[in-house]
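Residue-level listing of the chains:
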Amino acid sequence: MLSLNLINHVLKQNPHVCHDLAGYNGIVVGIQAGSLNVIGRINEHGLLVQTHHRPDTILIVHHQAWSKFIQGQSLNFNDLAIEGDMEIGMNILLRCVTLRYFPQEDLRCILGNETLERIVYQANTIGQILQTIGRVVSFQTN
């Protein structure tokens, strides 16, 4: 159930995908990623609900896709595979490659706007300092 909640959390961050998936109301989808094996039925809101039915199609997420996804990069067809009903799988896959994860929204909820802005400012300052040090070291070695 936790896996479904996490998937739905990401879906809710992408309302356009939920809207598109709502058209697949009742379709059962399997998601395999390493040892994770989730099965959910798409509901009228485009979210997954727990089911014990056999999936109509299975989306297989390759290992390298997770790091790309967490970093906010676009997934492509090499990152995913389909088993089962290919037509349904391809239609759902086309929607899923547009999913994005926005960790800053989660951090904003946990930390609050002011704390998050302060952390971002400090991280930017540290990044600028490290870039300056890198330029100085690079200049001295030439």
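Structure shown above.
Residues numbered from 1 in each chain as written. Predicted model: local features only at pLDDT ≥ 70, side-chain atom pairs only at ≥ 80, totals over all residues. Heavy atoms only, no water.

1. As for the side chain of Asn14
- Assignment of secondary structure puts Asn14 in the loop between α1 (2-12) and α2 (15-21).
- In this view, Asn14 contacts Thr98, Leu99, Arg100 and Phe102; residues no more than four positions away in its chain are not counted. (Helix = DSSP H or I, 4+ residues; strand = E, 2+ residues; numbered from the N terminus. Contact = heavy atoms within 4.5 Å.)

2. A word on helix α3 (residues 63-70)
- Within the span of α3, buried status applies to Ala65, Lys68 and Phe69. For α3, the arc enclosing every buried residue in end-on projection is 100 degrees, short of the 170-degree limit, so these residues lie on one face.
- Contacts from the buried residues of α3 go to α1 and β4 (57-61).
- Positive backbone phi, approximately 85 degrees, marks Gly72, located one or two places after α3. (Buried < 20%, exposed > 50% of the residue type's maximum accessible area, 1.4 Å probe, protein only. Arc of directions from axis to C-beta.)

3. Points about the nonpolar core
- With 29 residues, the main nonpolar core has Leu11, Ile27, Val29, Ile42, Leu59, Ile92 and Leu99 as its most contacted residues.
- Element by element, the count of residues in this core is highest for helix α4 (residues 86-96), at 4 residues.
- Here Val29 is in contact with Val38, Ile39, Gly40, Ile42, Pro55, Thr57, Leu59 and Ile92, once residues within four sequence places are set aside. (Core = buried A, V, L, I, M, F, W, Y, C linked by side-chain atoms within 4.5 Å.)

4. Examining the sheet that holds strand β1 (residues 28-33)
- The strand order across the open sheet built from 5 strands is β3-β2-β1-β4-β5, with neighbouring strands paired in mixed fashion. The open sheet has two edge strands, β3 (48-50) and β5 (80-84), and neither has a second partner. Each strand of the sheet is rotated relative to its neighbour by a mean of 35 degrees, with strand direction disregarded.
- Of the strand pairs in this sheet, β1 and strand β2 (residues 36-42) are connected by 6 bridges, and their pairing is antiparallel. When the bridges of β2 are listed, Gln32 appears paired with Asn37.
- Along the sheet, α4 makes contact with β1, β2, β4 and β5, crossing β4 at roughly 45 degrees. (Pairing = 2+ DSSP bridges. Axes fitted to C-alpha atoms, helices over the stretch in contact; angles between N-to-C directions.)

5. A few points about the environment of Leu36
- Residue position: Leu36 is located in strand β2.
- For the pair Leu36 and Gln122, spaced 86 residues apart in the sequence, the C-alpha separation amounts to 36 Å.
- Leave out the neighbours within four places in its chain, and Leu36 touches Ser3 and Ile31.

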